[in-house]
Amino acid sequence: MKYFTLKECIYSDTAEKKGIDNTPTPEIEAHIVESVETLLDPLREAWETYCKQNGLGVASIGISSGYRCPQLNRAVGGSTTSAHCYGYAFDLIPMNRNMREFKRFCRKFLTGRAFDQLISEGEDDNGMPSWMHVGYKHPDGKRQRGQYLSMIHGKYYPMTE
Ligand SMILES: [Zn+2]
């Protein structure tokens, strides 16, 4: 865990407001650590290089939603089979807010790597996402489907350019 803390991987505004205890079990905590060390830390490191090369400014990445216990997942209207509930998925927003470059970067970065889903979520008509969902493994803890998707008005499509 070089660039992300466990705290930011489990923090949730909604959980705070609703008094939901979003503490993961030791098993799920291990999934979070595995996801960060295998995928998120290398992604963050490569994003820093990408930002420097392309003059994109600060390379910090925020997690808008990481682990969600079942109660929190229900509260935010997440899918019942969400990888967020297993500590395998994270919604990322770059601090420089350059969502178009971040989408492009994530796609390129994950090419040839083991991952489950990259979803450009809440896209507007110009293909600009609200955040990028990065899923390391399927909830079964085994499958890594390597899917690239766009979520537009609540529906999934092959990822747009
Ligand atoms: Zn997500």
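Procedures and definitions
Residues numbered from 1 in each chain as written. Predicted model: local features only at pLDDT ≥ 70, side-chain atom pairs only at ≥ 80, totals over all residues. Heavy atoms only, no water. Helix = DSSP H or I, 4+ residues; strand = E, 2+ residues; numbered from the N terminus. Expected span 1.5 Å × (residues − 1). Bend = angle between axes of the 7 residues up to and from the residue. Core = buried A, V, L, I, M, F, W, Y, C linked by side-chain atoms within 4.5 Å. Buried < 20%, exposed > 50% of the residue type's maximum accessible area, 1.4 Å probe, protein only. Contact = heavy atoms within 4.5 Å. Salt bridge = Lys/Arg side-chain N within 4 Å of Asp/Glu carboxyl O. Axes fitted to C-alpha atoms, helices over the stretch in contact; angles between N-to-C directions. Parallel < 35°, antiparallel > 145°, perpendicular 65-115°, else oblique. Left-handed = near helix turned anticlockwise from the far one by under 90°. Nonpolar A, V, L, I, M, F, W, Y, C, P; charged D, E, K, R; others polar.

S.K.: I would appreciate a short explanation of helix H3 (residues 26–54) in the present structure.
M.R.: Owing to its 3.6 residues per turn, the α-helix brings residues three or four apart onto one side. Along its 29 residues, H3 runs 40 Å from first to last C-alpha, staying within 8% of the 42 Å computed at 1.5 Å per residue. For H3, the principal kink sits at Val36 and spans about 45°. Two residues or fewer after H3 comes Gly55, characterised by a positive phi angle close to 60°.

S.K.: Honestly, the nonpolar core in this entry has me stumped. Any pointers?
M.R.: As a rule of thumb, nonpolar side chains are buried together in soluble globular proteins. Ranked by size, the top nonpolar core spans 39 residues in total, and within it Trp47, Leu92 and Phe102 carry the most contacts. Of the residues forming this core, the biggest block, 9 residues, is contributed by H3. Setting aside residues no more than four positions away along its own chain, Leu92 makes contact with Leu40, Leu43, Ile61, Gly62, Ile63, Met99, Phe102, Trp131, Met132 and Val134.

S.K.: Help me out: how do you make sense of the pattern of salt bridges in this one?
M.R.: Between side chains of opposite charge, pairing is possible as soon as their charged atoms come close. Counting across every chain of the model gives 9 salt bridges. Between Glu101 and Arg104 there is a salt bridge, with its nearest N and O atoms 3.4 Å apart. Residue Glu101 and its partner Arg104 are located together in helix H5 (residues 99–110), separated by 3 residues, close to a single helical turn. A relative accessible area of 45% places Arg104 in the partly exposed class. Across the salt bridge formed by Asp140 and Arg143, the nearest N and O atoms sit 2.9 Å from each other. Taking relative accessible area as the criterion, Arg143 reaches 43% and is therefore assigned partly exposed. Taken together, the salt bridges that share partners define one network made up of Arg44, Glu48 and Lys52.

S.K.: Teacher, can you tell me more about the packing of H3 against H5 here?
M.R.: The description of two helices packed together rests on the angle between their axes and the distance between the axes. Across the interface, H3 lies against H5 with an axial gap of 11 Å and an inter-helix angle of 125°. Accordingly, the angle class assigned to the pair H3 and H5 is oblique. For H3 against H5, the interelement crossing comes out right-handed. Judged by residue contacts, Leu39, Pro42, Leu43, Ala46, Trp47 and Tyr50 of H3 engage Glu101, Phe102, Arg104, Phe105, Cys106, Lys108, Phe109 and Leu110 from H5. Residue classes in the contact of H3 with H5 are distributed as 11 nonpolar, no polar and 3 charged.

Keep in mind that these numbers describe shape and distance, not what the molecule does.
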